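For reference, the chains in residue letters:
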Amino acid sequence: VHFDGDDCEEERFQEDAETGTRTAAVGAPVKPTSSIKWGLVLSILCGDAFCNFADGVFIGAALSLCDMTTALVIIGVTLYHEIGQELADYFLLTQHAGLTPFKALLLNFASGLTVVLGGLVVLAASVSNMAIGVILSIASGVYLHIACCECLPRVSAVVTTSKERLLSMVIFVV
């Protein structure tokens, strides 16, 4: 007896008498077997939300402390940076974390709204330069951590000569 309304095991699968293999019956309800890696989803979204919040702080600080031309340049550079970041997050969420495209877009959009929150916090509150510096330092630390722990090992696995290894380290430091 199935309490969740599913068909019996025998009705959902057909067994081949010659080979003994079981296949899903035509039209039978079969539950999807894809699993979502929630740990990966949460780490991507939390990191992205904090990065977006820091970007909002950066934009808010630019709007309040710089002239309009400089502030617009900073906004443009931040948008340019975020296009690649959000695309990478989307592909990680769909290809590696197991989310559907709609869920990935929805959650990525929700984490992207923290940029507005960061900007509003800086513009609405009297946040000290020290606090802005601390938030931006933490955000840059996140990027350094990703570069050191994720990117450098992958580069190291690809490079084959000492010259390539030295070049990759110089590019990383610069």
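Treat the numbers as computed from the prediction; the structure is a model and nothing was measured.

Thoughts on the overall build of the chain
Part 1 of the argument: Each helix and strand counted, the chain has seven helices and two strands in total.
Part 2 of the argument: Reading the helices (α) and strands (β) of the chain from amino to carboxyl end gives α-β-β-α-α-α-α-α-α.
Part 3 of the argument: By sequence separation, contacts in the chain at least 24 residues apart represent 60% of the contacts at least 6 residues apart.
Part 4 of the argument: Carbon and sulfur atoms provide 70% of the accessible area of the chain, an area that totals close to 12100 Å².

Side note on the environment of Gly112
Part 1 of the argument: Along the polypeptide, Gly112 turns up in helix α4 (residues 101–112).
Part 2 of the argument: When the C-alpha positions of Gly112 and Cys51 are compared, they lie 9.1 Å apart, and in sequence the two are 61 residues distant.

As for the packing of aromatic side chains
Part 1 of the argument: Evaluation of the coordinates by the stated rule reveals one aromatic pair.
Part 2 of the argument: Residues Tyr90 and Phe91 carry aromatic rings whose centres are separated by 5.5 Å and whose planes lie at 70° to one another, so their mutual orientation is edge-to-face.
Part 3 of the argument: For Phe91, a relative accessible area of 46% puts it in the partly exposed group.

Thoughts on the nonpolar core
Soluble globular proteins tend to pack their nonpolar side chains together in the buried interior.
Part 1 of the argument: Val41, Ile44, Leu45, Leu93, Ala97, Leu99 and Ala104 form the largest nonpolar core, which has seven residues in total.
Part 2 of the argument: In terms of residue count, helix α2 (residues 38–65) provides more of this core than any other element does, three residues in total.
Part 3 of the argument: Beyond its immediate chain neighbours, meaning those up to four positions away, Leu45 contacts Leu93, Leu107, Asn108 and Ser111.
Part 4 of the argument: Grouped together as the second largest cluster of nonpolar side chains are five residues, Val57, Ala61, Val122 and Ile132 included.

Let's talk about the confidence of the model for the chain
Part 1 of the argument: Considering every residue of the chain, the mean pLDDT works out to 79; 77% of them sit at 70 or more.
Part 2 of the argument: The secondary-structure element of the chain with the lowest mean pLDDT is helix α1 (residues 9–12), recorded at 48, while α4 shows the highest, at 95.
Part 3 of the argument: Of the regions scoring below 50 in pLDDT, residues 1–11 engages in 10 contacts with residues more than four places distant in sequence or in other chains.

Description of the environment of Thr161
Part 1 of the argument: In this structure, Thr161 sits in the loop between α6 (129–158) and α7 (162–173).
Part 2 of the argument: Accessibility expressed as a relative area gives 38% for Thr161, which makes it partly exposed.
Part 3 of the argument: For Thr161, the side chain forms a polar contact with the main-chain nitrogen of Glu164, separated by 3.1 Å.

Some details on helix α5 (residues 114–124)
Part 1 of the argument: Burial in α5 covers these residues: Thr114, Gly118, Gly119 and Val122. Along the axis of α5, the buried positions cluster into a sector of 145°, meaning they face one direction only. Away from the buried face of α5 by more than 90 degrees, exposed residues Leu120 and Ala124 are located.

Analysis parameters
- In this numbering scheme, every chain counts its residues from 1 along its sequence in written order.
- Per-residue local features of the predicted model are confined to residues with pLDDT of at least 70, and side-chain atom pairs are confined, for both listing and counting, to 80 or more; whole-chain, interface and lining totals are unaffected and use all residues.
- Where side-chain values are given, they derive from all heavy atoms of the structure, hydrogens and water being excluded.
- Counting from the N terminus, the helices are DSSP H or I runs at least four residues long and the strands are E runs at least two residues long.
- By the convention used here, residues are in contact when the closest approach between their heavy atoms is within 4.5 Å.
- Accessible areas in this description were obtained via Shrake-Rupley with a 1.4 Å probe; residue shielding takes into account the shown protein chains only.
- Any two rings among Phe, Tyr and Trp, with Trp reduced to its six-membered ring, count as a pair given centres within 6.5 Å; such a pair is stacked if its planes are under 30 degrees apart, edge-to-face if over 60, and tilted if neither.
- Think of it in three bands: with a 1.4 Å probe and only protein chains considered, a residue is buried below 20% of the maximum accessible area for its type, exposed above 50%, and partly exposed in between.
- Residues belong to a common nonpolar core when they are buried Ala, Val, Leu, Ile, Met, Phe, Trp, Tyr or Cys residues joined through side-chain atoms within 4.5 Å.
- pLDDT expresses, on a scale from 0 to 100, how confident the predictor is about each individual residue.
- Throughout this description, a polar contact denotes any pair of N or O atoms lying within 3.5 Å of each other; where both atoms belong to protein, one of them has to be capable of donating a hydrogen while the other can accept it, and for residues adjacent in sequence the pair is counted only when both atoms sit in side chains.
- Note that the arc is defined by the directions from the helix axis to the C-beta atoms.

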